[in-house]
Amino acid sequence: FNLLVIIAVCVYVIPDGEKRTIKQPVVFAITASCSVFAYLWLILILAVWSPDLVTPAEGIFSFLFFPILLVIAYLADIGVIGGRKEEPEVNLDEARASIAYAGGENLTAEDI
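Throughout, residues of each chain are indexed from 1 in the direction in which the sequence is written. Owing to the predicted nature of the model, reporting of local features is limited to residues with pLDDT of at least 70; listing and counting of side-chain atom pairs is limited to 80 or more, with chain, interface and lining totals taken over all residues. Excluded from the side-chain calculations are hydrogens and water; all other atoms, namely the structure's heavy atoms, are used.

Asker: Explain the pattern of salt bridges to me, please; I cannot follow it from the model alone.
Answerer: Opposite charge on two side chains allows them to pair when their charged atoms are near. Think of a salt bridge as a Lys or Arg side-chain nitrogen and an Asp or Glu carboxyl oxygen that are within 4 Å of each other. On inspection of all chains with the given rule, the structure shows 1 salt bridge. Two residues, R20 and E18, come together in a salt bridge whose shortest N-O distance is 2.8 Å.

This is how it looks when you write it as structure tokens:
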């Protein structure tokens, strides 16, 4: 239920007519799959393996999953997992000239 509420809030706060894109889909995929795994893990330990009881081993594994997620997400963020496309360098003078040539002569530097 909490996952659905979080998704609903994330969708609701984007103003009408605007859109957002995920800049690093690998990191998003890792965190999304880990959040789904967390719910499945809770079902397994609380309903299947030891109903209504968390054993010490289950507690230790649950505690260790978070730092493991952090390391994997960090490795994806820096490009070790999934690779990372370098964003091309933009020459600002060339970009300004291109915009002016395309009809933006009246734009200020802040508009560009």
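Asker: Would you mind going over unusual backbone geometry with me for this structure?
Answerer: Most of the time, phi is negative for any residue but glycine, and the peptide bond is trans. The phi torsion at D52 lies on the positive side, around 60 degrees, for a residue other than glycine. Residue D52 is classed as exposed on the basis of its relative accessible area of 75%. For the exposure calls, accessible area comes from a 1.4 Å probe over protein chains only, and a residue counts as buried if that area is under 20% of its type's maximum, exposed if over 50%, partly exposed in between.

Asker: Please clarify how the packing of aromatic side chains should be interpreted in this entry.
Answerer: Aromatic ring pairs are defined here through the distance separating the ring centres and the angle between the ring planes. Here the aromatic set is Phe, Tyr and Trp, taking the six-membered ring for Trp, and pairing holds for ring centres within 6.5 Å; pairs whose planes are under 30 degrees apart are stacked, those over 60 apart are edge-to-face, and all others are tilted. For the structure on display, the rule yields 5 aromatic pairs. One aromatic cluster is present, built from ring pairs that chain together F37, W41, W49, F61 and F65.

Asker: So what exactly am I meant to see when it comes to helix α2 (residues 25–49) here?
Answerer: Because each turn of an α-helix spans 3.6 residues, side chains separated by three or four positions in sequence point in the same direction. Numbering of helices and strands starts at the N terminus; helices are DSSP runs of H or I of at least 4 residues and strands are runs of E of at least 2. Working rule for helices: expected span equals 1.5 Å times residues minus one. Across its 25 residues, α2 extends 34 Å between first and last C-alpha, which sits within 8% of the 36 Å expected from 1.5 Å per residue. Within α2, the full set of buried residues consists of V27, I30, W41 and I45. If you follow the buried residues of α2, they end up packed against α3 (56–77). What makes two residues a contact is simply this: any of their non-hydrogen atoms within 4.5 Å.

Geometry only, nothing functional implied.
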